[in-house]
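Structure assessment
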Amino acid sequence: MKEKWQNLIKLIKMMVSYRPRIFLTIIGIVLIQVLLPVIQLYLSVQVIEWLINEEEIQTYLIHLAIFIGVITLLKISEHQFGVTVDKDTELFRNYAKTRLISNFVSLDYPLLIGKEAQEKYNNAVALTWNPWTLFGRVNKELVSLGSTFLGLIIYSSILIQLDSIFLIYLGIFIFFVTLFNIFQVKMDQKIYDEKAKVTKKWQYLRKLYGESRLAKDVRIFQMQHWFQRTEEETDQTYLATMKPKVWLTWSESVVINVGIIGLTAFSYSQSVRLVSEGAIPISNFVLYAGMVTILAQSILEFINVVGKFSTSLNEMGKFNTFMAQEPVFLHGEGEKVPKESLNIELKNVTYTYPNNEAPTIRNINLQIRPNEKLAIVGENGAGKSTLTNLISGLLQPDEGEILINYLPQKSFNILDYYSLFASVFQEKLLLTYTIKETIIQGLPFDQKKYEKTIALSGLKKLISQLQKGDETAIVKEVNADAIQLSGGQLQKVKLAQALYKDTPVLILDEPTAALDPIAEHQIYKDYFKFSKDKTSLFVSHRLSSTRFCDRIIYLKDGEIAEIGTHQELIEKQGDYYRLYEAQSYYYKQDKDSEQRERVTGGGTL
Amino acid sequence: MNKYRVYGRAAKDLFRIGKKHYLYYSIMTIARQSMPFIGFIYMRKIIDTLISNRIGDTHSLIIQFICTSLILQLVQGMMQPLVDNEQEISEKKMYAEASRKMLRMHFHHAESTAVKERLENINQMLLSSQSSLPLLSLRFKYVFPSLISIIWGIILLHPLFIVDTAVIPSQFWWVHPGAIITMFVLAISISLFIQVKSSKKSAEALSRTIHEASEWRKQAFYEEKVLEDIKSGKEIRLYRLSGRLLENFQKQHHYLTDIMNGMYRVFRITAVPTNILAQLMSYMIYSFLGLLVLLGALKVGLLVQLSGALSQVITAIPTCIQQLMMMISDPEWLNEYYAFMDLPDEETIGSIPVEKRMDNQYEIAVSNLAFAYPGSEELVLKNITEQFEVGKKYAIVGENGSGKTTFIKLLTRLYEPTEGLIKMNKIDSSKYELREYFNLFGVVFQDYHLLGFSIGQNISVNPDYNHSKVMNTLDEVGLGEFVRTLPKQSDTYLGTEFDDSGMNVSGGQEQKIAIARSLYKDAPIMILDEPTAALDPITEFDIYQNFDNLVKDKTAFYISHRLSSSKFSDEILVFDKGEIVQRGSHKKLVEQDGKYQELWNAQAQYYQ
């Protein structure tokens, strides 16, 4: 309960920070929505009254005009307020989305890793998707809450005049409505998970249909029938899941409708009795008859909205969970960042991914000398990328520490720390839309540095061939006139991006995976040019490249199994040697290649 | 396309997709919309009995009314959950229609970026365009109830025509029911005119702003998609992009605010005259009918019925017209949708069945093959004439962009040659029935994609599969042991995109499953495009060593950047700028001065 209150306060605070006047609008429309039906009902009552009493024609027309004039004003105000509510609803949802996504790009990276963290984010995002999710409907829910509650009070106080026993009937009715509402909420909770699973399946199928990468496979493997069957099965699962809810809704409908009819019968027969006794004028019959319908509707809507709003407050909690995460890195002032010649040391570093049982990096001790070229090799899943992520400060070690020039990583302001590293990642993501933007990213523009980078990265030729040069758009999804860079070209641009940042440490993660032999060769040739004055870490499967590094470390199950120069490791005849032999087997120019022993593979996936 | 024809087509499609939904909905709506009118009828009767003091009749009327209401309420209540369920299902179908087309359209359309963009566009606009199928369905649910109300209203209004006009004194001749109807029709027409004008204006304003916002929206959409991948966070932080991105988000929000303000301003202004007119009509109704009563030409009870019916009709007609106007205001989406849906499906120009052979004797030959992508002049393949022997292993090498993958797509008939022929067992391949021709090939493409369904289903490409055959195939690629350790074995789902119980496998394991898929198909011709790109050296080596075993007596084509693979092939085809410049065994080609030697040395030098 306490949590709900807290969530309510947080929700109100958020709405105020969006636009304080939103509450004035809500109050305004609530008042009008409550009063308007009553006044309109009174109009018909009065008209009948006037007609039965045979008023003067002129007086009738004048009174009528006044009445309708008031209604006109109220209707116009209602509409204006309604428009504002609609507008606020849409904009508030977008406001929440913006807040959410801004937090996502500013949070410390370790807070985003792992299944739990991903779920936190997904749950929060789901609240802003469309007009029927939390932030799309909470505004209208508040309006509904206010108007039905107020309406309840006003309308029932009118009807009680018929007979105070009405209060008891009303009480019984409200009891049953609430009871069924609770059942419905419980039922919704029960089938929520199943329903979400079905929706997930539908969304996935839809995604598959439009997946262009599948186009070839779909035809050659004739996958259409598979999809059709799966879709039909999912439809059936949905209907089966919803069956209990359908039955509950049917029973609810029967009980509630009988209840409403009961109240109506009561109201009608009571007023007829009072009319026949002469206690009330005939026109009042119309009043009471009309009021029952309005009251019943208000009750239904009120109970419904209370249930929905309670759910909304719970969902608000999910939003808070994501937004209120504490930083893990230092964001305040830290040690001064060294300018050149970094000495990097790892002391007993251990790291486990969230939700994993075994550590990915285990007790690593390593000293990286200034300007050293270090290669990191190992099998898939051995922890190579994790190691570089730890060194570059994206992840934090669970045990042990990382030292830069003998100062612990933790003591630096995290943004300062990041300025020491430039990585070329395996995933080539683009959040910048021209070549120039991609190279510069979020750094300030320096003409000299920029030109130097273009020359060094080999992009000069490509840029000169393009009509718009480096202002050419490269993301087709955003600019219709964008070009599609080939794998090799994109690699060069990403390399330029890293070079432009001009950091003491350069990290390359599988930089030649998608390249043909000639392009690969070019990268290796240039490697020394651009890593001249830098410390550089080179992660790769291709052992051809690692030979040229000063040292090579071989990671196995998260530990450094072997370390040394290429020659040293070959002489050791250990794991590195086996890996190298496996890869170079077919390249060796031995005349009697048939006599070469078959190297037994020993790797596990 | 003719405006009305396209909407007619939309109506047919909507009905096809959601037959049950619309049936239940109609029943429910008729029950619901009839209620107020039944109420008016009984109200009139009850008032008249009260005025003439026939209380006994009053009571029986009340009972009748109660029973009728109960029945209508119950019908509505029964239908509601059924309507909701069917709505979910049919809406889901509507959203997927365009995407589903991708599965059957002709391959060169499915691969074209232009077509993909069109699909993106159609899907993006699904929720915001006035003529999109889901929105049309939504608006229909405003139009239909209004129609019912209008019909009922007109029925309830008919007593106006049996008014005893003789009773009206001469100076009030203008209080004639005919005059009422005329004034009424006039007022509605004026209101309609204003509505139509303003609807047009607001629809125009809406589509103008949507077009202006389209670039922003595309960017926002794209960024949202990219940011879904947590890994994007690494680059954002290391390259200080957060500031820029935050600025972008703020700008987008401000832009949206401006658009909304502008749009709603139009709504605000147009509502005032409409409201005033509606109330004016209300005044006219009450005054005319009231006068008729005061003059003795109408009973009081009828006033309730008539005024009730008239006010319902007054709100129903504009709602109906307005919604219809909105529906047809912007047919752009529908036109684009149908242009997309009318793209040609996989053609079955060929019809000869492929002969079923047990001996895998399917011989391919290519003569004078040339190919340019549809819509482009540039030939990406030219002058290719080759004969391939059954059961031999061919390696295909060359630089990126030299035409290797395109050649494969032509062999498998995903594309048709621009010039020249591909022959299968001496017959032009395009003469064969397409589906049967596809069955000749087991392919692992470079950008293969495993689906979130179970391992067994992925391998067999079928919801049901032969367990032992799947396990055999898994053993052949070296995954058998691993799969046996899983609790659900080959029924384990891959990844959690489809089913939460799925598990993630490594890149190398994925590659092996993709290879298993091709093996399971047991097609006579195997094609592997960069099958070991994501594998570590040991696994890669394993695959190479076993390659012979895997493909046995099948004809095989093997594309790879790792030239080491070409050593165990029978022959190597070297592609350069769209042509096959060299062909022969590794021994022969590595001695020749040429492209192959260049490529080989570039890679091998590091391993000496």
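Numbers given for residues are sequential positions, taken from 1 along each chain in its written order. Labels follow written order: the first chain is A, the first ligand is 1, and so on. Local features in a predicted model are, by the rule used here, given only for residues with pLDDT of at least 70; side-chain atom pairs are given and counted only at 80 or more, and totals for whole chains, interfaces and linings are based on all residues. In computing side-chain properties, one takes all heavy atoms of the structure into account and sets aside hydrogens as well as water.

1. Some points on the overall build of chain A
What counts is decided by this rule: Helix numbers and strand numbers start at the N terminus; a helix is a DSSP run of H or I with at least 4 residues, a strand a run of E with at least 2. Using C-alpha atoms as the atom set, the radius of gyration is obtained and then compared with a globule rule of 2.2 Å times the number of residues to the power 0.38. For the exposure calls, accessible area comes from a 1.4 Å probe over protein chains only, and a residue counts as buried if that area is under 20% of its type's maximum, exposed if over 50%, partly exposed in between. Here a residue-residue contact requires only that any non-hydrogen atoms of the pair lie within 4.5 Å. A positive count includes Lys and Arg, and a negative count includes Asp and Glu. His and the chain ends are not counted in either. Throughout, a charge is located at the NZ atom of Lys, the CZ atom of Arg, the CG atom of Asp or the CD atom of Glu.
Per the secondary structure count, chain A includes 19 helices and 10 strands. Relative to the compact-globule value of 25 Å for 605 residues, chain A shows a C-alpha radius of gyration of 36 Å, a clear excess of over 25%. Based on the C-alpha atoms only, the size of chain A along its principal axes is roughly 120 × 50 × 50 Å. Taking all 605 residues of chain A together, 54% fall into the buried category. A sequence separation of at least 24 residues applies to 74% of the contacts in chain A between residues at least 6 apart. If the 66 positive side-chain charges of chain A are averaged to one point and the 66 negative ones to another, these points end up 3 Å apart.

2. Let's talk about a positive patch on the surface
To be explicit about the condition: Patches here are clusters of residues that have more than 30% relative accessible area and form no salt bridge, with a 9 Å joining cutoff for like charges and a 5 Å cutoff for nonpolar side chains (Val, Leu, Ile, Met, Phe, Trp, Tyr). Accessible areas in this description were obtained via Shrake-Rupley with a 1.4 Å probe; residue shielding takes into account the shown protein chains only. Salt bridges are defined by distance alone: a side-chain nitrogen of Lys or Arg within 4 Å of a carboxyl oxygen of Asp or Glu.
Together, K448(A), K449(A), K452(A), K532(A) and R240(B) make up a region of like positive charge exposed at the surface. Mapping K452(A) onto the fold places it in helix α13 (residues 447-457). Owing to a relative accessible area of 60%, K452(A) belongs among the exposed residues under this scheme.

3. Considerations on the sheet that holds strand β1 (residues 344-351) of chain A
Residue and element names in this part refer to chain A. How we decide: One bridge is not enough; two strands pair if DSSP finds at least two bridges between them.
Strands sit in the order β2-β1-β4-β5 across an open sheet of 4 strands; the sheet is antiparallel. Each end of this open sheet is capped by a strand with a single partner; those strands are β2 (361-368) and β5 (407-408). Two elements, β1 and β2, share 5 bridges in a ladder whose sense is antiparallel. The residue of β2 that forms the bridge with I344 is I368.

4. So, the domain arrangement of chain A
When the parts come together, some accessible area is lost, and that loss is often what is quoted as the size of the interface. Residue and element names in this part refer to chain A. Our working rule: Start and end positions for the domains come from either an automated domain assignment or a database one. Buried area: the sum, over both parts, of the accessible surface (1.4 Å probe) that disappears when the two are put together. Amino acid classes used here: Ala, Val, Leu, Ile, Met, Phe, Trp, Tyr, Cys and Pro are nonpolar; Asp, Glu, Lys and Arg are charged; the rest, including Gly, are polar.
Domain boundaries assigned for chain A yield domain 1 (2-323), domain 2 (342-420 + 503-586) and domain 3 (430-502). Here the C-alpha centroids of domain 1 and domain 2 sit 57 Å apart. Between domain 1 and domain 2, the residue contacts involve 6 residues of the former and 6 residues of the latter. Looking at the side of domain 1 facing domain 2, the largest losses of area belong to Y109, P110 and I113, adding up to 70% of the total buried there. The interface formed by domain 1 and domain 2 includes 0 salt bridges. Class assignment for the residues of the side of domain 1 that touches domain 2 results in 3 nonpolar, 1 polar and 2 charged.

5. Quick word on the confidence of the model for chain B
Filter applied, for reference: pLDDT gives the predictor's per-residue confidence on a scale running from 0 to 100.
Taken over all residues, the pLDDT of chain B has a mean of 85, while the share at 70 or more is 98%. Put simply, helix α18 (residues 537-551) of chain B is where chain B has its lowest mean pLDDT, 74, and helix α2 (residues 19-51) of chain B is where it has its highest, 93.

6. Overview of the side chain of Q76(B)
Residues and elements named next belong to chain B. Position of Q76 among the secondary structure elements: in helix α3 (residues 55-104). With relative accessibility at 16%, the residue Q76 sits in the buried group. Filtering out sequence-adjacent residues up to four positions away, Q76 remains in contact with M28, A31 and R32.

7. Describing the interface of chain B and chain A
The condition that has to hold: Counted as a polar contact is a pair of N or O atoms within 3.5 Å, where, for protein atoms, one must be capable of donating a hydrogen and the other of accepting one, and residues adjacent in sequence contribute only when both atoms are in side chains.
Of the residues lining the interface, 159 residues belong to chain B; the matching set on chain A comes to 155 residues. Summed over both partners, the interface of chain B with chain A buries about 15700 Å², with 66% contributed by carbon and sulfur atoms. Joining chain B to chain A, the criterion identifies 12 salt bridges. In this structure, K92(B) engages E231(A) in a salt bridge whose closest nitrogen and oxygen atoms are separated by 3.3 Å. Run the count over chain B and chain A and you get 30 residue pairs in polar contact (both at pLDDT 80 or more). Counting residues per element, the side of chain B that touches chain A draws most heavily on helix α9 (residues 242-294) of chain B, which supplies 27 residues.

8. Brief notes about the domain arrangement of chain B
When its domains are assigned, chain B resolves into domain 1 (3-341) and domain 2 (451-517). The distance between the C-alpha centroids of domain 1 of chain B and domain 2 of chain B comes to 50 Å.

9. Regarding the sheet that holds strand β6 (residues 421-424) of chain A
Residues and elements named next belong to chain A. Defined as follows: Note on definitions: angles span 0 to 180 degrees between N-to-C directions of axes, and those axes are lines fitted to C-alpha atoms, for helices only across the stretch in contact.
The 6 strands lie next to each other as β6-β7-β8-β3-β9-β10, forming an open sheet whose pairing is mixed. For this open sheet the edge positions go to β6 and β10 (559-564), each flanked by a neighbour on one side alone. Across this sheet, the average inter-strand angle for adjacent strands is 20°, counted without regard to direction. As judged from the 5 bridges shared by strand β7 (residues 505-509) and strand β8 (residues 535-539), these two strands associate in the parallel manner. Paired with L506 across the two strands is S536, which belongs to β8. Contacting β3 (373-378), β6, β7, β8 and β9 (551-556), helix α10 (residues 384-391) runs over the sheet at an angle of about 140° to β3.

10. Some words on the pairing of β7(A)
Residue and element names in this part refer to chain A. Within β7, 5 of the 5 residues are buried, leaving the element largely enclosed by the surrounding structure. Going residue by residue along β7, you find V505, I507 and D509 tucked away on one face and L506 and L508 tucked away on the opposite face as well. Both β6 and β7 contribute to a ladder of 4 bridges, which runs parallel. Bridged to F421 within β7 is V505.

11. Comments concerning the packing of helix α3 (residues 57-106) of chain A against helix α9 (residues 282-323) of chain A
All names here are of chain A. Here is the rule: Relative orientations are named as follows: roughly parallel for angles under 35 degrees, roughly antiparallel for angles over 145 degrees, roughly perpendicular for angles from 65 to 115 degrees, and oblique for any other angle.
Viewed as axis vectors pointing N to C, α3 and α9 meet at an angle of 30°, and their least axial separation amounts to 10 Å. When the interaxial angle is binned, α3 and α9 end up roughly parallel. Touching A96, R99, L100, N103 and F104 of α3 are F319, F322 and M323, all from α9. Split by residue class, the contact of α3 with α9 holds 6 nonpolar, 1 polar and 1 charged.

12. Considerations on a nonpolar patch on the surface
Residue and element names in this part refer to chain A. Among the surface-exposed residues, I165, L167, I168, Y169, I172, F175, F176 and V255 lie close enough to one another that they form a single nonpolar patch of about 700 Å² accessible area. In terms of residues, the nonpolar patch owes the most to one element, helix α6 (residues 166-209), which gives 6 residues. Relative accessible area serves as the criterion here: at 53%, I168 is assigned to the exposed category.

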